[in-house]
There are 4 protein chains.
Amino acid sequence: MEAFIKDITPYLTKMRRMFHAYPEVAWTEYVTTAKIAEEIEKLDFEVEMGQAILHPHTRMGLPTEDQIEKEEQRAMEAGINKAYLYLMKGAFTGLKAYFDTGRKGKHIVLRFDIDALPINEAEDEAHFPFVHGFHSNRAGYMHACGHDGHTAIGLGVAHFIHENRHQLNGRFTLLFQPGEEGGRGAKPMVDKGLLDDADVFLSGHIGIHSLNIGDIVATTDQFLASTKINVEYFGKSAHAGLEPNEGRNALLAAAASSLHLNGITRHAGGATRINIGTLEAGSGRNIIADYAKMQLETRGASTELNEEYMVLEAMRIIQASAALYDVTTNVEIVGQAPSAECQEEWVDFINEAVKASTNIKNVIPKLPLGASEDAAFMLEKVRNNGGAANYMLFGTPLAAGHHHPCFDYDEEVLPIAVESICRVILGWQ
Amino acid sequence: MEAFIKDITPYLTKMRRMFHAYPEVAWTEYVTTAKIAEEIEKLDFEVEMGQAILHPHTRMGLPTEDQIEKEEQRAMEAGINKAYLYLMKGAFTGLKAYFDTGRKGKHIVLRFDIDALPINEAEDEAHFPFVHGFHSNRAGYMHACGHDGHTAIGLGVAHFIHENRHQLNGRFTLLFQPGEEGGRGAKPMVDKGLLDDADVFLSGHIGIHSLNIGDIVATTDQFLASTKINVEYFGKSAHAGLEPNEGRNALLAAAASSLHLNGITRHAGGATRINIGTLEAGSGRNIIADYAKMQLETRGASTELNEEYMVLEAMRIIQASAALYDVTTNVEIVGQAPSAECQEEWVDFINEAVKASTNIKNVIPKLPLGASEDAAFMLEKVRNNGGAANYMLFGTPLAAGHHHPCFDYDEEVLPIAVESICRVILGWQ
Amino acid sequence: MEAFIKDITPYLTKMRRMFHAYPEVAWTEYVTTAKIAEEIEKLDFEVEMGQAILHPHTRMGLPTEDQIEKEEQRAMEAGINKAYLYLMKGAFTGLKAYFDTGRKGKHIVLRFDIDALPINEAEDEAHFPFVHGFHSNRAGYMHACGHDGHTAIGLGVAHFIHENRHQLNGRFTLLFQPGEEGGRGAKPMVDKGLLDDADVFLSGHIGIHSLNIGDIVATTDQFLASTKINVEYFGKSAHAGLEPNEGRNALLAAAASSLHLNGITRHAGGATRINIGTLEAGSGRNIIADYAKMQLETRGASTELNEEYMVLEAMRIIQASAALYDVTTNVEIVGQAPSAECQEEWVDFINEAVKASTNIKNVIPKLPLGASEDAAFMLEKVRNNGGAANYMLFGTPLAAGHHHPCFDYDEEVLPIAVESICRVILGWQ
Amino acid sequence: MEAFIKDITPYLTKMRRMFHAYPEVAWTEYVTTAKIAEEIEKLDFEVEMGQAILHPHTRMGLPTEDQIEKEEQRAMEAGINKAYLYLMKGAFTGLKAYFDTGRKGKHIVLRFDIDALPINEAEDEAHFPFVHGFHSNRAGYMHACGHDGHTAIGLGVAHFIHENRHQLNGRFTLLFQPGEEGGRGAKPMVDKGLLDDADVFLSGHIGIHSLNIGDIVATTDQFLASTKINVEYFGKSAHAGLEPNEGRNALLAAAASSLHLNGITRHAGGATRINIGTLEAGSGRNIIADYAKMQLETRGASTELNEEYMVLEAMRIIQASAALYDVTTNVEIVGQAPSAECQEEWVDFINEAVKASTNIKNVIPKLPLGASEDAAFMLEKVRNNGGAANYMLFGTPLAAGHHHPCFDYDEEVLPIAVESICRVILGWQ
């Protein structure tokens, strides 16, 4: 193991930097998927893409058809394999890689999320990716949550399985999931049945808490349930000087709605969240705005807190804000993640599994995620089927918080994460 | 006159439709200006463009350099004369056309505004320009205020001057002004000195009130003074689930600011207006928005009401809203128009001037504009220099209000307007 | 006339100061009415009070029964004539005084409003009533709109009629109207028929504009139509620490409603107003507020602007704000005044009537009221019956604006106002 | 013990009902204190009152001097002992009762809070106190948090100490604390030194969670730190029709502030709360409100969350809301409670102490308080001095939540609570 990890490390760094430099957001990970496919096909995995791995009707929060077309055009121009593009056509991004050792054993499913964020990456001398020249070359997009690393880790684990294919037992599925941001990609994979016969499920995240290299976290709790909502307000335009009273102001409806949503009263039953992430309204300075749209999300420490309290409050406020300004509204739920829990038994299991490692210095039994993660759909599915499901954290110092333009992590976390997962695999042999 | 008007009418319609089909917004009227130049150069006018006619530092509300470049690229691709483009480079659009009869007489300055609006034009069977195939072929832009007609009228008047150049006395300046929307183009023309030696100034508007064809309005009052303001809020992004408290929310600052601005208390001294026309904020759903920008405008029945009350209230509210959310703000005044008045004497003058017309059926002495118009800078300048300055309205039924996607007027107003202006010219001989 | 005015002046000052020192708000003017009755009964007028002069069902904005009882108790303790109190029982305040000369002639109705405001009067050395010891001795109440003066003027005019009873022709009705503030007292007097056979109606106001002593304003326009609205919100209380999510917050509904009401978009058709004058909500700091109440008013330059725009907008916003916070609401219209106009003929009439006066220096033909005045109900009634109806202003410098704790006027306006009215009476002989 | 508990039960019920029927809010518990004094003086305790037990300068949230005077007048009229009233003069309510056995042993301090709430008690057939005729006879006030029971329990414990005075060791201090609501009474008792030499401190609460009779909770966590804030806004009044622009609107400042305060972003570090409990603004419908006041509170799961986040956010928003409306503000902190923790050792101690009881059926080791409790000042003080400090809960079903007009509990909890405390006393012998 030590030797494998040592050897794979430069590859992990190279992959991570390649993915980092070309960030793609949810449902547009054409180039990313194609690159993963190229790498993993070298390793004797069976690769499936497109409609074979995603339920078409539960992919939430899709781009518009125009945007999809433009993104596919871009992928084409980037020179990816046309066959891949053909399979992914219509925003069916992501990848399933499957390897059967032919020997009896567990079916272990590992999940790695691959999408980036619509953030402008920092370009200053304090930002490692910029200094080392692998910062985003797509303006407006950034891997600011570490999924570039997750993708690299997945490829590292694939190498391990490949190298040890004659010793390992059972079957392995690696899911390179699109659209984790916004809680969009996990559900259609679950709905397509990819988790149906999993005995073991494992996923995880680098960072989250700022820890030391060598720290890993065996299990995670406080997955916030989350709902992603798009809101449109439709008013009536009018000349703001000549006849303002003739307008019905969609901008003000959205503004009012934002303030009132942010003021949803705290719940004594546990943590909740609300964020209006984007608001766009109006067409010109001297025209009463006849259109506004908002992207927002609610969260709750439990699925109940989120769905029975936050979402219901939000829905009422969105409607009432329309009434305030006499406009109409259209509300769409475009993403969702439940809350989830890791089984306690994993703490001992992981302690045992990694005890021989000299790289892994410290196993923290449990830390909170404190965020939403649609891996929760997979954790839930596998547990409900009687399987073992876990979500780990891989410690690294963080240059800035997740989703921040200066977000960055220590690349030494990559081999640690690969080793942790590989040792868990060995633990299930 | 009757014959001239009859002959010129098809030309007016053709020009109007040409301009209507290719709308360009403030400071990007490259193609429009080039077309005007082509037409007017045939008529022996001296044409000046670019820095010769606009004070470079008082052009407010310019696009960004990137946008300007993109628009110039577009103009290039549209195939306009490169020499024109060279002159206009850097958002110096618009045109001055000058004709000196060589005979003593008044210097008459006529002003026609040429810019369009960022509105999606209606495409339905009730919309005349759509039915007749001359609707906007630039998605997102529309001549929804009649400036396409104004431009055509200007060309019609130029033809009249040209045809009568051996009979007319004095000098004529036709200003084809860019950027009337937002109150941006008149001031730099005034500041460049184009009105300095005007004896007579005349401008006007088609529509405003829904009247009959044949009605004209001799003078206008209630020019609302106006100030156009751009506001930016700068906050701090953070993950909305993991550490919302670390963010500083620019979106909510803009939303709060919108509501509070709209609630500026009415002033007992006369009409005021406030409109937040556009608001854009945030980069992603699960990120605390670190940036927001708004375009807004204030108006007042007098320059004092606008500048001493509305603008001051707005400034305080904009700042206080930043403090509410602990964000910083940047405020820029990007357009301005004073209030103005027409001299009473014009009522009799115009009645006298048009009395021989069979097309002009009815002269209404005075109607309110009820909006802002940066021609007010020119009216003010000429009056202060002791000249005669007037602003007329040319009656037409309106399919919908100004700035509405279904805005349209009866093209029969065009020859009426040309005739009115020409008869005023004759009146000053 | 000059002699009468000179003689009556000390009486006017005395009366004004007496009324000023004992302010009573709408429907509680028991002591004020009783004092008027005492004065006027000395002058051979027939006095009517109580249900004889007010329609019981159109008295809007009454105090609660408890409050009425408390106020009647106070009046009792103040020692007023029990017979008067008996007539006024149940908030039937105000007075009609009638004098018939027995000779043919016009029936002239004069109206004087008598109520005060819930304002704490200034007590400082710059405030004339305080310095001269006749400031309010009822904490929380103040004659801050000049109705103390109006009442004194009414008594002065009564003296004039009494002194000249053998010379004058026709009949005279003096209405001492309760509850002008809030637009509450005029309508029930009209509905009771008190204006039905009026040939001439005259009322007026001291102040409004800060003018010189000796200036009078012949006619008034811009009576703002007005509607007075009470709003209650009913939510659900809950412990703000233990279970805030169980509450439904009436305080926040009222707060939201206040902001959104204040933001009703301006109307291009003319002046409008909105004011949320009072808001009370909540019972304790750590309890989610289950109750809130607001007193507000809308106004418009025309009855249509007020009732078809402002009131409708307000109603929608009040309801929508309830929906925002999931509370219920109760809305009650408690006062109303239409807009009104004075006949143009009055300008000449008044100029003629006062031309002999040495005290009245200057007749301004018309000034705007710019406020609401329920005398408008009376003006409208009389005009509709074919009578002559007018509303004058009596000039005085003002120490501070109406309804301000430092409001005060120059007492020299009192004889000027009496003289103006008496001269109008003579004009109709 | 069983016999004592059986005998004391009717007394507990009687006392509870007596206190329930005469609720007094913070710093006005004159009659309540006097009744306690009467009862406890029969039992050989040394009683101290007034300035001897409360630091005069750290009593926060006092009524105004006028109110204090009125309340003392009321207490006088209620016929309480004048000597007591003399001691309490100036809002020094509450009581310390001290008993020294003369034998060596621990100094045990027990604390019972005695104040009521400004809530209208329910008067319907489902409300036990109403049905049994002991509901509040002070309209607007109610024991809606169980402090009536706490007071009765304190007297019950005093009886136990008295009866066993020859067997018990050590010293006993019973603190009957005023002003727990609003976090006002504990700190001045601590600051006066009453906890300085305590070896053991115990307090507790009935209810909080709806449990069965016979359930007790050994220790409590999640004391929310809390800060109580009063806010005033000072604007400028003006006539809302004539010159609304001259006003500066304190009502709208308070309304805006309420909404923005309620929208303070959630903190990822733990539970927080904000409540604007009361808002009063404005003096009349047609006057721009020149004054507003609000009572609010913030809370946090830790003192840091409350004081370093919620209070700082609130302060900024309160100031910025003043700037929004150009008014000035006055902010006063009128109450405060830190967070606190019970020592873990108490769980075993209490299990041991009550194991012989037949009435106490079930000991729950720990439940959250989820609210603020100024006993936290005492817990903290005693722990910092090296003492043992605990806060228990005594289970009862609840008819409605705390601070609700229908709040009620099962009176059988009273003897259970007395027994629990007495058994703890015995445990420390």
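Let us look at the structure shown here. Every value quoted in this text rests on a predicted model; they were computed, and no experiment measured them. (Residues numbered from 1 in each chain as written. Chains lettered and ligands numbered in written order. Predicted model: local features only at pLDDT ≥ 70, side-chain atom pairs only at ≥ 80, totals over all residues. Heavy atoms only, no water.)

### Notes on the interface of chain D and chain A
Then comes step 1: Taken together, the contacts link 13 residues of chain D with 13 residues of chain A.
Then comes step 2: Buried surface at the junction of chain D and chain A, summed over both partners, amounts to about 1000 Å²; 39% is from carbon and sulfur atoms.
Then comes step 3: The largest share of the area that chain D buries against chain A comes from D:Asn262, D:Arg266 and D:Arg273, three residues that together contribute 59% of it.
Then comes step 4: Summed over the shared surface of chain D and chain A, the number is 0 salt bridges.
Then comes step 5: Seen at the junction of chain D and chain A, the total is 8 residue pairs in polar contact (both at pLDDT 80 or more).
Then comes step 6: Sorting the residues of the side of chain D that touches chain A by element identifies helix H8 (250-262) and strand S8 (272-281) of chain D as the ones contributing at least two each.
Then comes step 7: Counted by class, the side of chain D that touches chain A contains 5 nonpolar, 6 polar and 2 charged residues. (Contact = heavy atoms within 4.5 Å. Buried area = accessible area lost by both parts, 1.4 Å probe. Salt bridge = Lys/Arg side-chain N within 4 Å of Asp/Glu carboxyl O. Polar contact = N/O pair within 3.5 Å; in protein donor to acceptor, adjacent residues only side chain to side chain. Helix = DSSP H or I, 4+ residues; strand = E, 2+ residues; numbered from the N terminus. Nonpolar A, V, L, I, M, F, W, Y, C, P; charged D, E, K, R; others polar.)

### Some details on the sheet that holds strand S5 (residues 200-210) of chain A
Residue and element names in this part refer to chain A.
Then comes step 1: Spatially, the 8 strands line up as an open sheet ordered S1-S2-S4-S3-S5-S12-S6-S11, and their pairing is mixed. Each edge of the open sheet carries a strand with a single partner, namely strand S1 (46-49) and strand S11 (362-371). Taking each pair of neighbouring strands and ignoring which way they run, the sheet shows an average axis angle of 30°.
Then comes step 2: Bridge count for S1 against strand S2 (residues 95-100) is 4 bridges, and the pairing is antiparallel. Along S2, the bridge assignment pairs glutamate 46 with tyrosine 98.
Then comes step 3: On the sheet, helix H12 (residues 413-427) packs against strand S3 (107-113), strand S4 (171-177), S5, strand S6 (215-223) and strand S12 (388-396) and is oriented at approximately 155° with respect to S12. (Pairing = 2+ DSSP bridges. Axes fitted to C-alpha atoms, helices over the stretch in contact; angles between N-to-C directions.)

### Notes on the pattern of salt bridges
Then comes step 1: One pass over the full model with this rule turns up 103 salt bridges over all chains.
Then comes step 2: Among the salt bridges present, the one from A:Glu39 reaches A:Lys42, with a minimum N-O distance of 3.2 Å.
Then comes step 3: What makes A:Glu39 buried here is its relative accessible area of 13%.
Then comes step 4: Here A:Lys42 falls in the exposed class, since its relative accessible area comes to 56%.
Then comes step 5: Measuring nitrogen to oxygen at the nearest pair gives 2.8 Å for the salt bridge that ties C:Glu373 to C:Arg111. With a gap of 262 residues between them, C:Glu373 in the loop between strand S11 (362-371) and helix H11 (375-384) and C:Arg111 in strand S3 (residues 107-113) connect regions that are remote in the sequence. Each of the two residues, C:Glu373 as well as C:Arg111, counts as buried. (Buried < 20%, exposed > 50% of the residue type's maximum accessible area, 1.4 Å probe, protein only.)

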